[in-house]
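What follows is each chain in one-letter form.
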Amino acid sequence: MPKPDSRQKVYTLLVEVGRSADDGLPDGSTGAALMCYASGVDEAEAVRETVNVLRQADLSPLEVSGYGTLEERLEEGHDIPDEERALMDRALAENAVIIAQMTPFYDED
């Protein structure tokens, strides 16, 4: 049986968060979408670590969508700018979760 790959990789994750006390989201927002780069030996570990970090920051993760590793995204034809690659490199080097972008949600009323 082949040994599983235990090297860290960086996964691109989109996390939707809801509101909670002291979450730091803008006043009047109903939640947010966070684009994150997280290291892990597999996507499941990257998701678990991301959810844990966000909970520690008083955020309320609701849903996580995975977009794969850099290599997987390139195979799918994604255009990945140097700035995004640098954040991925940082997540790998620091074994960290990097929140690259936050887009708040607002009611349309």
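Here the structure is shown first, and the text comes after it.
Cut-offs and rules
- Residues numbered from 1 in each chain as written.
- Predicted model: local features only at pLDDT ≥ 70, side-chain atom pairs only at ≥ 80, totals over all residues.
- Heavy atoms only, no water.
- Salt bridge = Lys/Arg side-chain N within 4 Å of Asp/Glu carboxyl O.
- Buried < 20%, exposed > 50% of the residue type's maximum accessible area, 1.4 Å probe, protein only.
- Helix = DSSP H or I, 4+ residues; strand = E, 2+ residues; numbered from the N terminus.
- Core = buried A, V, L, I, M, F, W, Y, C linked by side-chain atoms within 4.5 Å.
- Contact = heavy atoms within 4.5 Å.
- Pairing = 2+ DSSP bridges.
- Axes fitted to C-alpha atoms, helices over the stretch in contact; angles between N-to-C directions.

**Topic: the pattern of salt bridges**
And step 1. Inspection of the entire model under this criterion finds 3 salt bridges.
And step 2. When the shortest N-O distance is used, the salt bridge between Asp23 and Arg19 registers 2.8 Å.
And step 3. Of the residues examined, Asp23 reaches a relative accessible area of 8% and is grouped as buried.
And step 4. Overall, Arg19 belongs to the partly exposed group, its relative accessible area being 35%.
And step 5. Two residues, Glu94 and Arg90, come together in a salt bridge whose shortest N-O distance is 3.3 Å. Residue Glu94 and its partner Arg90 are located together in helix H3 (residues 82–94), separated by 4 residues, close to a single helical turn.
And step 6. A residue is classified by how much of its surface remains accessible, and Arg90, at 43% relative accessible area, is partly exposed.

**Examining the nonpolar core**
And step 1. Core analysis: the biggest nonpolar cluster contains 13 residues, and Leu13, Val15, Val17, Leu34, Cys36, Leu54 and Leu59 have the highest contact counts within it.
And step 2. Listed by contribution, the elements that provide at least two residues to this core are strand S1 (9–18), strand S2 (31–40) and helix H1 (43–56).
And step 3. Residues contacting Leu13, with those up to four places away along its chain left out, are Leu34, Met35, Cys36, Ala38, Glu43, Ala46, Val47, Thr50, Val64, Ser65 and Gly66.
And step 4. Counting residues in each nonpolar core, the second largest holds 8 residues, with Leu70, Met88, Ala91 and Ala96 among its members.

**A look at the sheet that holds S2**
And step 1. Spatially, the 4 strands line up as an open sheet ordered S3-S1-S2-S4, and their pairing is antiparallel. On the outer flanks of this sheet lie strand S3 (60–69) and strand S4 (97–105), each paired with one strand and no other. Taking the axes of each pair of neighbouring strands and ignoring which way they run, one obtains an average angle of 20° across the sheet.
And step 2. In this structure, S1 lies alongside S3, joined through 7 bridges in antiparallel fashion. Opposite Leu13, over in S3, you have Gly66 as the bridge partner.
And step 3. On top of the sheet, H1 reaches S1, S2, S3 and S4; it is set at about 45° to S1, its chief contact.

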